[in-house]
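So the chains spell out like this:
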Amino acid sequence: MEFNVKKLASDAGVFFSRAMQFTEEKLGQAEKTELDAHFENLLARADCTKNWTEKILRQTEVLLQPNPSARVEEFLYEKLDRKVPSRVTNGELLAQYMTEAANDFGPGTPYGKTLIKVGETQRRLGAAEREFIRSASINFLTPLRNFLEGDWRTISKERRILQNRRLDLDACKARLKKAKAAEAKAALWSDEVEKAEHELRLTQTEFDRQAEVTRLLLEGISSTHVNHLRCLHEFVESQTNYYAQCYQFMLDLQKQLGRFSGTFVGNTESASPAAAASPPAVAATTLPAVPTIPVVPTIVGVPNTVAEGVLNPNEVKPPASGTRRARVLYDYEAADSTELALLADEMITVYSLPGMDPDWLIGERGNQKGKVPVTYLELLS
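Because the structure is predicted, anything quoted here is derived from the model rather than measured. (Residues numbered from 1 in each chain as written. Predicted model: local features only at pLDDT ≥ 70, side-chain atom pairs only at ≥ 80, totals over all residues. Heavy atoms only, no water.)

Enquirer: When you look at the pattern of salt bridges in this model, what are you seeing that I'm missing?
Expert: Close approach of charged atoms allows side chains with opposite charge to pair. Per the stated rule, a full pass over the model turns up 17 salt bridges. With a shortest N-O distance of 2.8 Å, glutamate 378 and arginine 327 are connected by a salt bridge. With glutamate 378 in strand E5 (residues 377-380) and arginine 327 in strand E1 (residues 324-328), this pair connects stretches of sequence that are 51 residues apart. Of the residues examined, arginine 327 reaches a relative accessible area of 28% and is grouped as partly exposed. When the shortest N-O distance is used, the salt bridge between glutamate 364 and lysine 369 registers 3.4 Å. Residues participating in the shared-partner salt-bridge network are Arg58, Glu61 and Arg145. (Salt bridge = Lys/Arg side-chain N within 4 Å of Asp/Glu carboxyl O. Helix = DSSP H or I, 4+ residues; strand = E, 2+ residues; numbered from the N terminus. Buried < 20%, exposed > 50% of the residue type's maximum accessible area, 1.4 Å probe, protein only.)

Enquirer: Whenever I open this one, the side chain of threonine 121 confuses me. Can you help?
Expert: Examined against the element boundaries, threonine 121 turns out to sit in helix H5 (residues 110-184). If we ignore the near neighbours within four places in the chain, the residues touching threonine 121 are Phe249, Met250 and Leu253. (Contact = heavy atoms within 4.5 Å.)

Enquirer: Could you clarify how one ought to interpret the nonpolar core in this entry?
Expert: Note that soluble globular proteins tend to have their nonpolar side chains buried in a common cluster. The biggest cluster of nonpolar side chains holds 34 residues, and the ones touching the most others in it are Phe39, Phe132 and Leu218. Of all elements in the fold, only helix H2 (37-64), H5, helix H6 (190-219) and helix H7 (221-259) reach the threshold of two or more residues within this core. No other element matches the 16 residues that H5 contributes to this core. Setting aside anything within four residues of it in sequence, one finds phenylalanine 132 in contact with Leu64, Phe235, Ser238, Gln239 and Tyr242. Of all hydrophobic cores here, the second largest spans 19 residues; its members include Val328, Val350, Val372 and Tyr376. (Core = buried A, V, L, I, M, F, W, Y, C linked by side-chain atoms within 4.5 Å.)

Enquirer: Where do I start with the sheet that holds E1 in this structure?
Expert: Pairing between sheet strands relies on hydrogen bonds along the backbone, with the strands arranged either parallel or antiparallel. Strand order in this open sheet of five strands is E4-E3-E2-E1-E5, and the pairing throughout is antiparallel. A strand with exactly one partner marks an edge of an open sheet, and here the two such strands are strand E4 (368-373) and E5. Averaged over neighbouring strand pairs, the angle between their axes works out to 40 degrees when direction is ignored. With four bridges joining them, E1 and E5 adopt antiparallel strand pairing. Counterpart to alanine 326 in the pairing with E5 is leucine 379. (Pairing = 2+ DSSP bridges. Axes fitted to C-alpha atoms, helices over the stretch in contact; angles between N-to-C directions.)

Enquirer: Help me understand the confidence of the model for the chain, please; the structure alone is not making it clear to me.
Expert: Atom-level detail of predicted coordinates should not be read off regions where pLDDT is low. Confidence in the prediction for the chain averages 81 pLDDT; 79% of positions are at 70 or higher. Helix H8 (residues 273-277) is the least confidently modelled element of the chain, averaging 38 in pLDDT, while H2 averages 95, the highest of any element. Counted against residues more than four places away or in other chains, residues 263-309, with its pLDDT under 50, gives 46 contacts. (pLDDT = per-residue confidence, 0-100.)

Enquirer: Could you clarify how one ought to interpret H2 in this entry?
Expert: Residues that lie three or four places apart on an α-helix share one face, since the helix turns once every 3.6 residues. For H2, spanning 28 residues, the distance from its first C-alpha to its last is 40 Å, which sits close to the expected 40 Å at 1.5 Å a residue. For H2, every residue scored as buried is listed here: Phe39, Leu42, Leu43, Ala46, Thr49, Lys50, Thr53, Leu57, Thr60, Glu61 and Leu64. Between the side-chain oxygen of the N-cap and the backbone nitrogen of histidine 38 there are 3.1 Å, and the N-cap of H2 in question is aspartate 36. (Expected span 1.5 Å × (residues − 1). Polar contact = N/O pair within 3.5 Å; in protein donor to acceptor, adjacent residues only side chain to side chain.)

Enquirer: Is there a simple way to explain the packing of aromatic side chains in this structure?
Expert: Each aromatic ring pair is described using two quantities: the centre-to-centre distance and the angle formed by the ring planes. The tally for this structure, following the rule as stated, stands at nine aromatic pairs. Ring geometry for tyrosine 242 versus tyrosine 243: centroids 5.1 Å apart, planes at 45 degrees, classification tilted. For tyrosine 242, a relative accessible area of 13% gives the class buried. Given a relative accessible area of 49%, tyrosine 243 falls into the partly exposed group. Taken together through their ring pairs, the aromatic side chains of Phe132, Phe140, Phe235, Tyr242 and Tyr243 make up a single cluster. Taking the ring centre of tryptophan 52 as reference, the NZ or CZ of lysine 55 above it sits at 4.6 Å. (Phe/Tyr/Trp six-rings, centres within 6.5 Å; stacked < 30°, edge-to-face > 60°. Lys NZ or Arg CZ within 6 Å of the ring centre and 35° of its normal.)

Below, the structure is given as structure tokens:
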């Protein structure tokens with residue numbers, strides 16, 4: 001019990017001495033041991049690394065999980081060392097709603113079939129998003145968090161110890177200076193000066209040892225940058241794969257909807273004749289207007305093959321005016337002999353014929369011709 005009391009008293013004395021030294025330095029009443037320029041640069045670089053790592057970490061968390069409530073929930077689970085429950089992504093939830101709606105509207109109807117197709121693509125997008133979040137969390141967020149909660153805490157602890165060692169050193173320097181001044185006035189015995197010099201040597205040794213330990217940790221920030229650089233490359237790779245998957249999923253869906261657009265011209269069982277006869281607009285696509293030839297009545301004895309949906313490419317002739325040049329945006333695989341297969345970035349000639357579905361044009365490439373979907377083209381002036 002007596003030992004503990006003495007230890008507490010000693011600790012209180014050391015704390016008071018450091019507090020006095022720190023206060024006097026702030027007021028300019030005491031000298032302060034300055035660290036060398038290289039050490040100060042290491043400290044500044046470490047602080048910069050810590051600050052930007054925190055900001056990048058927090059913003060990446062927002063990118064992966066925009067919902068703040070969900071982020072707080074995940075944080076609490078991590079702190080409690082419990083597994084974060086699996087959460088349905090927005091794409092998967094949308095897919096569920098579309099599938100249920102299709103079952104209510106009738107999975108065999110045009111609208112129901114389309115809902116099922118789009119819903120399946122949304123489900124695949126949601127699964128890809130889930131995998132991207134998992135990969136980014138493991139390969140990018142975890143290393144950043146480990147640095148802040150591990151290496152940086154160690155560095156901060158050693159810096160606090162170094163600060164205390166410096167305060168002790170400066171306090172010893174101040175005591176030695178006072179002892180020498182008193183000795184010169186014969187107010188103290190010389191052994192007080194020797195005692196102050198001995199304390200100064202001890203504190204100087206402890207300060208130098210702690211400065212070396214802290215310096216080595218600060219120089220390790222360079223290896224931290226190398227590690228974070230590797231993690232950043234992995235994050236970019238995961239993000240690239242994710243967006244490539246999303247692009248491919250949507251491209252496949254666009255092909256399916258474009259190929260069978262003729263079957264989605266409204267639900268004949270419920271739509272009024274006027275509504276069913278109106279042509280559908282090209283969804284989510286803004287394209288230049290294509291000049292078309294006014295619809296002419298069918299001549300008796302001459303079948304209107306375009307209106308009837310039967311197209312013989314050899315019988316199609318371009319109109320005298322109204323042809324356009326177009327650049328192909330995406331690859332397109334022809335569904336049958338009436339369609340023209342496309343390659344991204346190639347140039348073709350396009351035009352419309354009387355009675356054609358507005359979502360389609362006639363495309364020509366050399367001696368080849370056939371129907372092509374408008375959504376795959378960029379029409380040029």
